[in-house]
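Residue-level listing of the chains:
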Amino acid sequence: MSLSSEFPARNVRPFWSPLMAGVALGLVLLLTFVLTGHGLGATGASTRMTAWLGLAVAPAATQANSYLGPMVQGGNPLASWISWQVIGVAIGALAAAFLGGRFRVQLDGARSIGAPRRLLAALGGGLLAGFGARVAAGCTSGLGLSGAATLAIAAFVFLGLFFATGLIVSRLVKGV
């Protein structure tokens, strides 16, 4: 069955060229540094969400925690710039998908291994990536883009290992 028979005809706009997308991303990163004093990032928002949930469920334990405690000292940990950045990215991505005619809900790989196994693999991979990002003190956008823009050696080591690991794992789980 082809995709055209599964989905109604849409006015799909072409993707940007990689060069234009890279230039736009570089300008956004520069503007972010100039306006906020911070680079781009994402995993800090999930950590702040964890601190917020911890404060609601177990406030004493969260405040005593050496990692989450400093985030809740000033009150609401979600009031950080990174939380608003992630919300803005989500809204922007949704708007771009709609405007580009590319919005649809789909589950890739479900036909080859089944939806439950694919969902478990995606969840497991996401959890491992999130854990790795916290151990590395940054995600691909925070450590990779922002760190490389400031010429941090850790960023270049991370990016090299990130791509090498991605190549190896893609060969191991091909078809999943």
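So, here is what we can say about the structure in this document. Going along each chain's sequence as written, the residues are numbered from 1 onward. Given that this is a predicted model, residues contribute local features only at a pLDDT of at least 70 and side-chain atom pairs are listed and counted only at 80 or more, while totals for whole chains, interfaces and linings are drawn from all residues. Each side-chain value is derived from all of the structure's non-hydrogen atoms; neither hydrogens nor water enter the calculation.

1. A few points about the overall build of the protein chain
Numbering of helices and strands runs from the N terminus, with a helix taken as a DSSP run of H or I at least four residues long and a strand as a DSSP run of E at least two residues long. The helix and strand tally for the protein chain stands at 10 helices and zero strands. Ordering the α and β elements of the protein chain from the N terminus gives α-α-α-α-α-α-α-α-α-α. When its C-alpha atoms are laid out on the principal axes, the protein chain stretches across 55 × 40 × 30 Å. Categorising residues by exposure relies on relative accessible area from a 1.4 Å probe, with only protein chains included: less than 20% of the type maximum marks a residue as buried, more than 50% marks it as exposed, and the intermediate range marks it as partly exposed. Out of the 176 residues in the protein chain, the part that is buried amounts to 20%. Contact criterion: two residues are considered in contact whenever any of their non-hydrogen atoms come within 4.5 Å of each other. For the protein chain, long-range pairs separated by at least 24 residues make up 57% of all intrachain contacts whose partners lie at least 6 apart in sequence.

2. A few points about the side chain of Thr62
Here Thr62 is to be found in helix α4 (residues 59–64). A distance of 2.9 Å separates the side chain of Thr62 from the backbone oxygen of Ala58, its partner in a polar contact. Apart from the residues within four sequence positions on either side, Thr62 is in contact with Ala51, Gly54, Leu55, Leu68, Gly69 and Val72. N or O atoms closer than or at 3.5 Å make up a polar contact, with two conditions inside protein: a donor-capable atom paired with an acceptor-capable one, and, for residues adjacent in sequence, both atoms drawn from side chains.

3. Details of unusual backbone geometry
Unusually for a residue other than glycine, Leu151 sits at a positive phi of about 60 degrees. With respect to the helices and strands, Leu151 occurs in the loop between α9 (140–149) and α10 (153–172).

4. Let's talk about the packing of helix α3 (residues 43–57) against helix α6 (residues 81–99)
Inter-axis angles, ranging from 0 to 180 degrees, are taken between N-to-C directions of lines fitted to C-alpha atoms, where helices are fitted over the stretch in contact. Between α3 and α6, the least distance of the axes is 8 Å, while the angle of their chain directions is 115 degrees. Between α3 and α6 lies a crossing whose hand is left-handed. For the pair formed by α3 and α6, the contact residues are Gly44, Ala45 and Arg48 on the first element and Ile82, Ser83 and Val86 on the second. The nonpolar class holds Ala, Val, Leu, Ile, Met, Phe, Trp, Tyr, Cys and Pro. Asp, Glu, Lys and Arg form the charged class, and all remaining residues, Gly among them, are polar. When its residues are assigned to classes, the contact of α3 with α6 shows three nonpolar, two polar and one charged. Helix crossings are classified by the rotation of the near helix relative to the far one: an anticlockwise turn of less than a right angle makes the crossing left-handed, while a clockwise turn makes it right-handed.

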